[in-house]
2 protein chains.
Amino acid sequence: MVNAPKANAVIGQSGGPTAVINESLIGIIEQACMHAEIENIYGAIHGVSGIVTENFVDLKKLSVETLDVVAASPCSALGSTRDKPDDEYCERIFKVFAKYNVRYFFYIGGNDSANTAYIVNKAALKSGYDLRAFHVPKTIDNDLLVTDHCPGYGTAAKFVASAFIGDDLDNRALPGVKINVIMGRHAGFLTAASVLARQREDDGPHLVYVPEKGISLAQVLADVEAVYSKLGRCVIAKSEGMRDVNGITWAEKIVKQTEMDAHGNIQLSGSGILADFLAASIRSKLKIKRVRADTFGYLQRSFAGVRSMVDAHEARICGRYAVTLAMQHKSGSVAIRRLNGPNDYQIELFRTELENVAEKTKRMPDEFINAEGNGVTEAFIKYARPLVGNLPKTAYLGNYPRIQAD
Amino acid sequence: MVNAPKANAVIGQSGGPTAVINESLIGIIEQACMHAEIENIYGAIHGVSGIVTENFVDLKKLSVETLDVVAASPCSALGSTRDKPDDEYCERIFKVFAKYNVRYFFYIGGNDSANTAYIVNKAALKSGYDLRAFHVPKTIDNDLLVTDHCPGYGTAAKFVASAFIGDDLDNRALPGVKINVIMGRHAGFLTAASVLARQREDDGPHLVYVPEKGISLAQVLADVEAVYSKLGRCVIAKSEGMRDVNGITWAEKIVKQTEMDAHGNIQLSGSGILADFLAASIRSKLKIKRVRADTFGYLQRSFAGVRSMVDAHEARICGRYAVTLAMQHKSGSVAIRRLNGPNDYQIELFRTELENVAEKTKRMPDEFINAEGNGVTEAFIKYARPLVGNLPKTAYLGNYPRIQAD
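Residues numbered from 1 in each chain as written. Chains lettered and ligands numbered in written order. Predicted model: local features only at pLDDT ≥ 70, side-chain atom pairs only at ≥ 80, totals over all residues. Heavy atoms only, no water.

## Side note on the interface of chain B and chain A
Here's step 1: Listed per partner, the contact involves 90 residues of chain B and 90 residues of chain A.
Here's step 2: Both faces combined, the contact of chain B with chain A buries some 6600 Å², and carbon together with sulfur accounts for 64% of it.
Here's step 3: Remark: the boundary between chain B and chain A carries two salt bridges.
Here's step 4: Joining chain B to chain A, the criterion identifies 22 residue pairs in polar contact (both at pLDDT 80 or more).
Here's step 5: Elements with a contribution of two residues or more to the side of chain B that touches chain A: β3 (56-58), α3 (64-72), α6 (153-173), α9 (250-261), α10 (273-286), β9 (291-295) and α11 (299-302) of chain B.
Here's step 6: Taken together, the residues that form the side of chain B that touches chain A break down as 45 nonpolar, 27 polar and 18 charged. (Contact = heavy atoms within 4.5 Å. Buried area = accessible area lost by both parts, 1.4 Å probe. Salt bridge = Lys/Arg side-chain N within 4 Å of Asp/Glu carboxyl O. Polar contact = N/O pair within 3.5 Å; in protein donor to acceptor, adjacent residues only side chain to side chain. Helix = DSSP H or I, 4+ residues; strand = E, 2+ residues; numbered from the N terminus. Nonpolar A, V, L, I, M, F, W, Y, C, P; charged D, E, K, R; others polar.)

## Some details on the nonpolar core
Here's step 1: Phe380 of chain A together with Phe380 of chain B are the most contacted members of the largest nonpolar core, which has 80 residues in total.
Here's step 2: Within the residue set of this core, elements represented by two or more residues are α6 (153-173), α7 (189-192), β8 (234-239) and α14 (378-388) of chain A together with α6, α7 (189-192), β8 (234-239) and α13 (378-388) of chain B.
Here's step 3: Beyond its immediate chain neighbours, meaning those up to four positions away, phenylalanine 380 of chain B contacts Tyr153, Phe189, Ala192, Ala193, Val195, Met364 and Phe368 of chain B. (Core = buried A, V, L, I, M, F, W, Y, C linked by side-chain atoms within 4.5 Å. Buried < 20%, exposed > 50% of the residue type's maximum accessible area, 1.4 Å probe, protein only.)

## Details of the packing of aromatic side chains
Here's step 1: Under the definition given, this model contains 33 aromatic pairs over all chains.
Here's step 2: Aromatic pair phenylalanine 159 of chain A and phenylalanine 303 of chain B: ring centres 4.9 Å apart, planes at 35 degrees, arrangement tilted. Residue phenylalanine 159 of chain A is located in helix α6, and its partner phenylalanine 303 of chain B is located in the loop between α11 and α12 (309-326); the two belong to separate chains. Accessibility assignment for this pair places phenylalanine 159 of chain A and phenylalanine 303 of chain B in one class, buried.
Here's step 3: Three or more aromatic residues joined by ring pairs form one cluster here, namely Tyr153, Phe189, Phe368, Phe380 and Tyr383 of chain A.
Here's step 4: For the cation-ring pair, arginine 301 of chain A lies above tyrosine 298 of chain A, with the distance from its terminal atom to the ring centre recorded as 4.3 Å. (Phe/Tyr/Trp six-rings, centres within 6.5 Å; stacked < 30°, edge-to-face > 60°. Lys NZ or Arg CZ within 6 Å of the ring centre and 35° of its normal.)

## Brief notes about α3 of chain B
Here's step 1: Residues of α3 of chain B that are buried include every one of Thr66, Leu67, Val69, Val70 and Ala71 of chain B, and no others.
Here's step 2: The elements touched by buried residues of α3 of chain B are α1 (21-32) and α12 of chain B.

## Some thoughts on α13 of chain B
Residue and element names in this part refer to chain B.
Here's step 1: Those residues of α13 that fall on the buried side of the exposure criterion are Phe380, Ile381, Tyr383, Ala384, Leu387 and Val388. For α13, the buried positions fall inside an angular range of 165 degrees around the axis, keeping them on one side. Every exposed residue of α13 that faces more than 90 degrees away from the buried side is listed here: Glu378 and Lys382.
Here's step 2: On its buried face, α13 sits against α6, α7, α12, β10 (331-340) and β11 (345-352).
Here's step 3: At the exit of α13 stands glycine 389, carrying a positive phi of roughly 80 degrees. (Arc of directions from axis to C-beta.)

## Side note on the relation of the copies chain B and chain A
Here's step 1: Expressed as a screw transformation, the operator carrying chain B onto chain A has a rotation angle of 180 degrees and an axial translation of 0.0 Å, and the superposed copies differ by an RMSD of 0.0 Å. Such a combination of turn and shift is consistent with a two-fold rotation axis. No C-alpha of chain B lies nearer the rotation axis than that of glycine 272 of chain B, which sits 2.1 Å from it.
Here's step 2: Of the interface residues in chain B, 100% have counterparts in chain A that sit at the interface too, so the contact is made through matching surfaces. (Least-squares fit on C-alpha atoms with pLDDT ≥ 70 in both.)

## Concerning the sheet that holds strand β7 (residues 207-209) of chain A
All names here are of chain A.
Here's step 1: Reading across from one edge, β7-β8-β6-β9 is the order of the four strands in this open sheet, with parallel pairing throughout. Bordering the open sheet on either side are β7 and β9 (291-295), each of which pairs with just one other strand. Ignoring strand direction, the axes of neighbouring strands in this sheet form an average angle of 15 degrees.
Here's step 2: In this sheet, β8 lies alongside β7 in parallel orientation, the contact comprising three bridges. Within the sheet, the bridge partner assigned to valine 208 lies in β8 and is alanine 237.
Here's step 3: Helix-sheet contacts for helix α10 (residues 273-286) involve β6 (177-182), β8 and β9, and the interaxial angle to β9 is about 170 degrees. (Pairing = 2+ DSSP bridges. Axes fitted to C-alpha atoms, helices over the stretch in contact; angles between N-to-C directions.)

So this is what it looks like as structure tokens:
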């Protein structure tokens, strides 16, 4: 525990946006306003790049109404960046911090952002600059270590589940095979969330492929054939990071294959290639006529108007907690611990060291993936459902008993 | 005006689902229950194909709770079909109608479904079978004639606008060029609805391309360059039916071009090809590094949890009105007339002949498209906004004044 200096604070947002990252921003602002040690609160536009270019907005000047609208807005209201500071970059950050008397630094982002806070903090310690560097977690991939789950995931998961609720009904209405490609290059949490859409025994997704478990095209085709012959339709959730049994991503394999074939200027590593490849394979190998494919894309992290209330709340309190921690510690990352009540969902927040989160990636544990590698377990559903909250309830009448003619 | 017979009714749903098509279904059921002339109400599973296979559910047996859940469910709760009856098919329909004493036929769908009702009605007249055949409109494309707009469009438009609200903020956070491909092969109404996302002067979409106005790649590249050089970013809404100046769709041109180049079994007419082609062109011709592309796909018509209340309401009353009409007429299609109040939105329903709607396609009128063919007019916004209703309000702080160092 060290005395908190009287000085200014900088808040930045980094990496890919989420739909609730601004809740964390507002959480930091409202908590910072409660501590006399923090004088001014500067928002760095486009993360660390806004620090080195002295590109700041005065966050204490925002009205309560504006704070509310910002909190409810998807994506990074301060702008984001992919910059990863090195030693020279850190030097420039400190110069600006010194010029503006900044001794509190809050950085909202994923494992790269935790690493930025870590590097900046290390450099501060080395140069004897009294800085408090805190990382506030956000990702839609849910791939940060230490924390039980990440703010941003619950809302993205709700979007994916809501999409599958509709898409599965669409597939019932006009049966065939439907493939949906979900974000997540290394971790399958978001793809797995598609199963929360299920309300009836024969609801899709019927097959779920995550990056953690390699699977061959032959196996996928066998899986699809089995579902299709039973139900006359098949809905597939497929991670963009899906891998072959050798650990190579399907995306890499497909691009390699098509690069050899194509001589034009069409870029085959495009947005739909992963979905289209599997669709074409199912059509040609299984002779199924109606095969459709979608790639959900950026809507998963930015769509306006769909949010998990639990997720929004947790994003907010993670921001607030970072400020509380900054009054007592030099650095850290905010993490969520799940408290195992008998039937309810409860959490507490705690501090972990930046280096425990920086640059590291969490994957789905084995217990969340079924033995066949084509679905998820009840343990995953139990883990994910409270983070998403209620989903729209639906009915499908095609399952109802038929009338008999006299 | 003719006396309505005492007999049974069949309801079917046809074509691509919408998120409010079940509101029309429930509207028909609840109104039919009010008329003693209609004895039983049969739901045909998968449209006309469910009629000829005698695949019916008893819709009078559904509880009020179930009716409510069905109404709120996206996609066709009775299942859908792409079948288009010919004379022989109609013969089979009548046999089943006679067997079940069906003299009321309500078909919810687009212009193909209106045509089905039209053909069945013509055949009924010819064979002297006393049938009332009514079409209830639904499309997300908003491309039916006579009616001011179609149930289903407002909700799909709300989905698209909500997606662009988030996507434009995403593009502000991490600037570059973003291309979004929207459904609508012949009509640009849904693509145009993306502009409802705009809340600030420099909000995207900055360029909007609809199928009604042909445009060359060179012109699109010039448009993108102009926006990008001014704003440092560019968000594009692009219809899947976008055409060249010669009226050929871009999709056809691209597939032709790539078919010549490719020898493998990769299908290039895939889900992302249109988006990827433009993205690749912008990267190579304009030397812009960060170019991303999404194809919104089936979520536009099926996503659960996002709906326009106006749209849901109108879908419901169109269903009810079809039953009211069936008590007085032999056939017809329900249409919406907009009443021009000074500042408010009001409608009334009316009957039009099936042949006025059957197989015909409405396109965006010229007054809705700007002279450059890269955007829409205020007249379109005035037309579309009431159908969508309120959208999430957002804030972006990167537009706020910067602080000045002392």
